[in-house]
Amino acid sequence: MKALLLSVLWQVVQMALVLALAPLLTGWVRWVKSRLQARCGASPLQPYRDILRLLRKDVVLAHNASWLFRASPYMIFTAIWVAAGLVPAFTSHLALAPSADLIALVALLGSARFFLALAGMDVGTSFGGIGSSREMMIAAFAEPAMMMMVFSVAILVGTTSLAEIADFMVSGTVGLRVSLALALMALVMVAIAENARIPIDNPSTHLELTMVHEAMVLEYSGRHLALVEGAAMLKLLLYMALIACIFAPWGMAHPGDGLGPALWGLVTFAGKMALGGAALAVFETSIAKMRVFRVGDFLGGALLLATLGAIFLFVSRGV
Amino acid sequence: MPRTAQRSGLWKKRGNTNVAVFACIRARNVPYLFHLHFLRFGAMAFAGVAILCLLLLSVLGMPAARWKGGDGVVYGGTGAVCAALTLWAALRLAGGGVDEVVLPLGLPWLPAHLRADALSAFFLMVVNFTGATASLYGWGYGRAHHAVHGPKPGPVLPLYPLFLAGMNLVLLANDAFVFLVSWEFMSLASWLLVLANHREEGTARAARIYLIMAGFGTACLLLAFGLLAGTHGDYSFAAIRTHTPTALAGALGVGLMLLGAGSKAGLVPLHIWLPLAHPAAPSHVSALMSGVMTKVAVYAIVRVTFDLLGEPAWWWGGVMLVAGSVTAVMGILYALMQDDLKRLLAYSTVENIGVIIIALGMALVFKAAHVPVIAALALSAALLHIVNHSLFKSLLFFGAGAVLASTGTRDLGRMGGLIHTMPVTAFLMLVGAAAISSLPPLNGFVGEWLLFQAILNGPTLPQWILKILIALVGAAVALAAALAGACFVRAYGTAFLGRARSVAASGAREVNWAMRVAMAVPALLCVVLGVMPTPLLRLVEPATRLLVEAGPFDGRAYQPWFWLAPTSAVGNSYNGLVFLVVIAAVSAVLGLAIHRWASDRVRRSIAWGCGFDEPDPAGVTQYTPSSFGQPIRRAFGATVFRARDTVDMPEPGDVRPARLTVRWSDPAWVWLADPVVRLVNAAADRVNEIQFLTIRRYLSLMFFALVALLVLVAVLQQWS
């Protein structure tokens, strides 16, 4: 009973933590990027101010916006927030871990995308449609690639539960494996595409013909936009936490640990996020955006890599 | 002998509708059968009476079409019978046990064997549940259609109960003869129902192709049963079960079964009739054909491969995995290219059948590898997906029918903005679209989750080829699921969201209460099964136990009803209830927080039209279904369908409009159907010459044919 209560407590802390850290991570990436481009850059705290400002503003709705358009930001934010709460950040002792595994996490992100794409089509502008159709094309590659990555990891570890995967990985019995390297590459490629980063999409433009994510949310304003932007920030944190949890779970606390390891887990988590954010900024600065129809090649490559990794494991391992 | 034949012929004609005839015939023809099975008849009597009621309703349907309120009697009666049969099947499934009855019907040497075991009961439950909702819907749909589009088309009333009776009989058949007769019964009834709208363009072609493919399918099934029964000529399923065919006969039998039942279920490339015929029927019949008749074909495959043939060979499952993967991915790619809402749904049925066949193939390879628990897991995934698909596909067809009844069109390019004019339909369709895109916490996701859990056990199999194949199958299932999401965002977004693209769409009205209730029931079940799948899996456990001798939860101690944790080498669990509660709680907190602390003012304004601010009554500045499909068409369709977009841009100063044309070719027609049609035509031309011979030549032809046959018989007798 005490363990259950503790896991609920850690779950709540985890949900609060991701919510609090997500804007900071986005601000940090932007700041590092501007330093690399020899600009001063806004403070890493700027995203907090942006969201607070948006929350205070009026919502401007198109005349024909339906209830789905107004409800979608809440559904999107909820889905991504819950998904982010499922990824062990500083401890693997989470109450939701047995209720939802990696497959459920992938599907939850799929739900968020489903409603975002529908919301993009609700007002009936060409921008919304262009964004939605491209988003679904990207998802058609990214989701199976992610699922094959899940397969590789699940077969290696013998479970699809993220908490158990983290516990297993940190025990060090896995060693270096080709399949894991392929899975990591696929996951990084998917993460770049899903978070609308360069070279797939550009998060800092609004009127470019190749944009995807920003086109879908063009009609949003005020608190709705704050939620959608917040969800995008949470998603970036989620993917980084996911990569950290599967491929670099060191420092994480485990069931039965006390307060000390949990605090240490927090410190290492912050460090991992800072490193990941800096790496993302360096990568984005050093590469050019690709044409939207090259995305198929890029993500098709991710899908093939992940499938190859899974095949290696399916053949080499009797569970 | 002539007397017997004459008697049984007479009695075949009348026997279907008259119970009293049984008694006078049994005394002479098959005296022992009825006495032996008389006691067991009681348990089957309910199903028999129900099917007789359906047949009577069908007879009643002929005059009822002219009565005022006659449709209510027929649909009401059919719905009541179906509801009763659903309940009966669910109770049989829970109660277990097998009921058999032998009726002195049919051929003189082969009385009609009927049997209800757990597998039949499961499929009866699925068929009749959808039958019940479709009856309610059909009643409302007939009225709505009547009000908008004048007199009702065609004789739907007498055929509708007949169709359901045929499907029920296939599921109860316990010998090849009854099976094939009921199968044809089902095919022909549905063929006539497709012809109900025969004045519409394309319906005649759809019905013709359907008839040809149905004939092909039945011929394959006939040969398959012939091979499985062997030479001793006993076509009861009990005899087939005890008779082990040779490896070659078994292989041919499974192949023919997959061809015959697969063409009815819609396996690519035998699916060509399905997207033509399913949408052409009235919408409640489309729902039955897509949601349920394809499942009857799946039942045939399950019955033969899991039950009648005994020990499976590993490659049967391999063939099913390949066929299912191709079907799943191709089906949903086809669906993404469609502009006709009902045809899109029919192609999505092809995809879902592919997923079901994949799950069955997984179950079969694990059964062959003697890992019954994982086979039970995969089989549970298949059975759950069968239930799920019957629910959300009937819901989606009902919704498409509602849109058709109120706007008069099936073309996505003429819809738009229906969420404002048909709010209830739009909401229920959203549930259906989310469920079929396998989004948690709805039921489609649970089925897919179970299938993935089975796939993750692939490495335990001994065959290398299967290990590689299953990894690829996993990728195919994931790809199909992602494409299904794109497909239904496209369909829902263009039909219900955005702005109206035609006057009919802007003036649409919400449909009547019967149609709304008929849509709400499956929508509610989509949510309930997604949140609490375990009770249903417990209910169908007797069926998995019957087929693979294990249940999906064997060997796991802690199994509460709200928890889904099947036995598997890869540990896992899913809890839809907790999921739903957490999502609801988080959204509530979020909504309250936002409305407490953030600004809650709303202003209305015009949408950003990229500088275009002219009035746009036809909604042409928004995305159309084909423009939405363009990125995926380019990424996937360019190779598979040879899809090409050609732009005709007039020179400056030329006033004709610019035109974008999309061309694509259907590989199933180009590579399979068209060559076969050409071949048949050429052969028919050749054979045609025989029709214009002289008497002398005819006689010599007959003589040589006779000689050839006699030689054949002589050689065969010498040889054996």
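Cut-offs and rules
- Residues numbered from 1 in each chain as written.
- Chains lettered and ligands numbered in written order.
- Predicted model: local features only at pLDDT ≥ 70, side-chain atom pairs only at ≥ 80, totals over all residues.
- Heavy atoms only, no water.
- Helix = DSSP H or I, 4+ residues; strand = E, 2+ residues; numbered from the N terminus.
- Rg over C-alpha atoms; globule rule 2.2 N^0.38 Å.
- Buried < 20%, exposed > 50% of the residue type's maximum accessible area, 1.4 Å probe, protein only.
- Contact = heavy atoms within 4.5 Å.
- Areas by Shrake-Rupley, 256 points an atom, 1.4 Å probe, with all protein chains shown as cover.
- Lys, Arg positive; Asp, Glu negative; His and termini not counted.
- Charge placed at Lys NZ, Arg CZ, Asp CG, Glu CD.
- Domains from an automatic or database assignment.
- Buried area = accessible area lost by both parts, 1.4 Å probe.
- Salt bridge = Lys/Arg side-chain N within 4 Å of Asp/Glu carboxyl O.
- Polar contact = N/O pair within 3.5 Å; in protein donor to acceptor, adjacent residues only side chain to side chain.
- Nonpolar A, V, L, I, M, F, W, Y, C, P; charged D, E, K, R; others polar.
- Phe/Tyr/Trp six-rings, centres within 6.5 Å; stacked < 30°, edge-to-face > 60°.
- Lys NZ or Arg CZ within 6 Å of the ring centre and 35° of its normal.
- 1 Å grid on protein atoms, 1.4 Å probe; cavity = no way out; pocket = protein on both sides within 12 Å on 5 of 7 lines; lining within 4 Å.
- Points joined across faces, edges and corners; volume = space filled by probe spheres on them.
- Axes fitted to C-alpha atoms, helices over the stretch in contact; angles between N-to-C directions.
- Parallel < 35°, antiparallel > 145°, perpendicular 65-115°, else oblique.
- Pairing = 2+ DSSP bridges.
- Left-handed = near helix turned anticlockwise from the far one by under 90°.

Below, the discussion takes up the overall build of chain A. Helix and strand counts for chain A stand at 11 helices and one strand. The linear arrangement of helices and strands in chain A, starting from the amino end, is α-α-β-α-α-α-α-α-α-α-α-α. Against the compact-globule benchmark of 20 Å for 319 residues, chain A has a radius of gyration of 19 Å, which places it among compact chains. Taking the principal axes of the C-alpha coordinates as reference, chain A spans close to 55 × 45 × 40 Å. When the 319 residues of chain A are sorted by exposure, 65% land in the buried category. In chain A, the share of contacts with a sequence separation of at least 24, taken over all contacts with a separation of at least 6, comes to 81%. Working note: accessible area of chain A is about 10900 Å², and carbon and sulfur atoms make up 71% of it. In chain A, which carries 21 positive and 17 negative side-chain charges, the distance between the mean positions of the two groups comes to 6 Å.

What follows deals with the domain arrangement of chain B. For chain B, the assigned domains are domain 1 (625–663) and domain 2 (689–720). The straight-line distance from the C-alpha centre of domain 1 of chain B to that of domain 2 of chain B is 59 Å.

Time to look at the interface of chain A and chain B. How big an interface is tends to be stated in terms of the accessible area lost upon association of its parts. Taken together, the contact between chain A and chain B spans 78 residues of the former and 81 residues of the latter. In this assembly, chain A packs against chain B so that about 7000 Å² is buried in total across both faces, 73% of it on carbon and sulfur atoms. Contact with chain B buries surface across chain A, with Phe114, Met121 and Phe314 of chain A losing the most and accounting together for 10% of the total. If you look at where chain A meets chain B, you find two salt bridges. Two residues, Asp58 of chain A and Arg601 of chain B, come together in a salt bridge whose shortest N-O distance is 3.1 Å. Counting every contact that joins chain A to chain B gives 21 residue pairs in polar contact (both at pLDDT 80 or more). For the side of chain A that touches chain B, the secondary-structure elements that each account for two or more residues are α2 (46–56), β1 (59–62), α3 (67–86), α4 (102–122), α5 (126–157), α9 (222–247) and α11 (295–316) of chain A. At 19 residues, the largest contribution of residues to the side of chain A that touches chain B is made by α5 of chain A. For the side of chain A that touches chain B, the class distribution of residues is 48 nonpolar, 18 polar and 12 charged.

Another point: the environment of Leu159 of chain B. Residue and element names in this part refer to chain B. The topology assignment puts Leu159 in helix α6 (residues 156–172). Given a relative accessible area of 10%, Leu159 falls into the buried group. Distance from Leu159 to Ser58, taken between C-alpha atoms, is 6.2 Å for residues 101 residues apart in sequence. Excluding its chain neighbours within four sequence positions, the residues that come into contact with Leu159 are Ala189, Leu192 and Leu193.

What follows concerns the packing of aromatic side chains. Inspection of the entire model under this criterion finds 30 aromatic pairs over all chains. Plain terms: the ring middles of Phe114 of chain A and Phe115 of chain A are 5.6 Å apart, the flat faces sit at 85° to each other, and that makes the pair edge-to-face. Judged by its relative accessible area of 1%, Phe114 of chain A is buried. Where Phe141 of chain A meets Phe636 of chain B, the ring centres are 4.9 Å apart and the plane angle is 15°; that geometry is what we call stacked. Here Phe141 of chain A is found in helix α5, whereas its partner Phe636 of chain B is found in helix α25 (residues 625–640) on a different chain. Neither Phe141 of chain A nor Phe636 of chain B differs from the other in exposure class; each is buried. Aromatic ring contacts, followed pair by pair, group Phe179, Trp183, Phe225 and Phe237 of chain B into a single cluster. The residue whose ring lies beneath Arg205 of chain B is Trp669 of chain B, and the NZ or CZ to ring-centre distance is 5.5 Å.

Here the structure, examined in full by the defined rule, presents 10 cavities of 30 Å³ or more. One number sums up the size of the largest cavity: a volume of about 160 Å³. Contributions of two or more residues to the lining of the largest cavity are made by α4 and α5 of chain A together with α19 (464–496) of chain B. For the lining of the largest cavity, the per-class residue count stands at 10 nonpolar, four polar and three charged. Computed from the structure, the second largest cavity encloses a volume of approximately 140 Å³. Sorting the residues of the lining of the second largest cavity by element identifies α14 (341–368), α15 (372–407), α18 (443–455) and α19 of chain B as the ones contributing at least two each. Across the lining of the second largest cavity, the residue classes break down as eight nonpolar, five polar and two charged.

Attention now goes to the packing of α14 of chain B against α15 of chain B. When two helices pack together, their arrangement is given by the angle between their axes and by how far apart the axes lie. Residue and element names in this part refer to chain B. Their axes nearest at 8 Å, the elements α14 and α15 cross at an angle of 175°. With respect to α15, the axis of α14 lies roughly antiparallel. Here the contact of α14 with α15 is built from residues that sort into 22 nonpolar, five polar and three charged.

Our next topic: the pattern of salt bridges. Residues and elements named next belong to chain B. In the structure shown here, the tally under the stated rule is 24 salt bridges over all chains. The salt bridge partner of Asp99 is Arg92, with a shortest N-O separation of 2.8 Å. Just as Asp99 is buried, Arg92 falls in that class too. Across the salt bridge formed by Asp340 and Arg410, the nearest N and O atoms sit 2.8 Å from each other. Placement of the pair is Asp340 in the loop between α13 (314–336) and α14 and Arg410 in the loop between α15 and α16 (418–421), with a sequence separation of 70 residues.

Here we take up the pairing of strand β2 (residues 110–116) of chain B. Residues and elements named next belong to chain B. Burial runs high along β2: seven of the seven residues are buried. By the bridge criterion, seven bridges tie strand β1 (residues 99–107) to β2 in an arrangement that is antiparallel. Paired with Val102 across the two strands is His113, which belongs to β2.

Note that Ser438 of chain B resides in the loop between α17 (423–436) and α18. For Ser438 of chain B, the side chain forms a polar contact with the side chain of Glu448 of chain B, separated by 3.0 Å. Not counting residues within four places of it along the chain, the set of residues in contact with Ser438 of chain B comprises Ala107 of chain A together with Gly444, Phe445, Glu448 and Ala481 of chain B.

Moving on to the side chain of Arg410 of chain B. At 3.0 Å, the side chain of Arg410 of chain B forms a polar contact with the backbone oxygen of Pro279 of chain B. If near-sequence neighbours (up to four positions away) are discounted, Arg410 of chain B is found in contact with Glu200, Pro279, Ala280, Asp339, Asp340, Leu341, Lys342, Leu404 and Met415 of chain B.

With an omega of 10°, the peptide bond running from Ile198 of chain A to Pro199 of chain A counts as cis. By the element assignment, Pro199 of chain A lies in the loop between α7 (178–194) and α8 (213–216). Each neighbour pair has its own omega, and for Val268 of chain B with Pro269 of chain B the value is 5°, a cis peptide bond. A positive phi angle is found at Ala196 of chain A, which is not glycine, with a value near 55°.

Below, the discussion takes up the packing of α15 of chain B against α17 of chain B. All names here are of chain B. Running from N to C, α15 and α17 cross one another at 145°; their axes reach a closest spacing of 9 Å. Judged by the twist between their axes, the crossing of α15 over α17 is left-handed. Here α15 contributes Phe392, Lys393, Leu395, Leu396, Gly399, Ala400 and Ala402 to the contact with α17, which in turn contributes Thr425, Leu428, Met429, Gly432, Ala433, Ala435 and Ile436. Looking at side-chain class alone, the contact of α15 with α17 contains 10 nonpolar, three polar and one charged residues.

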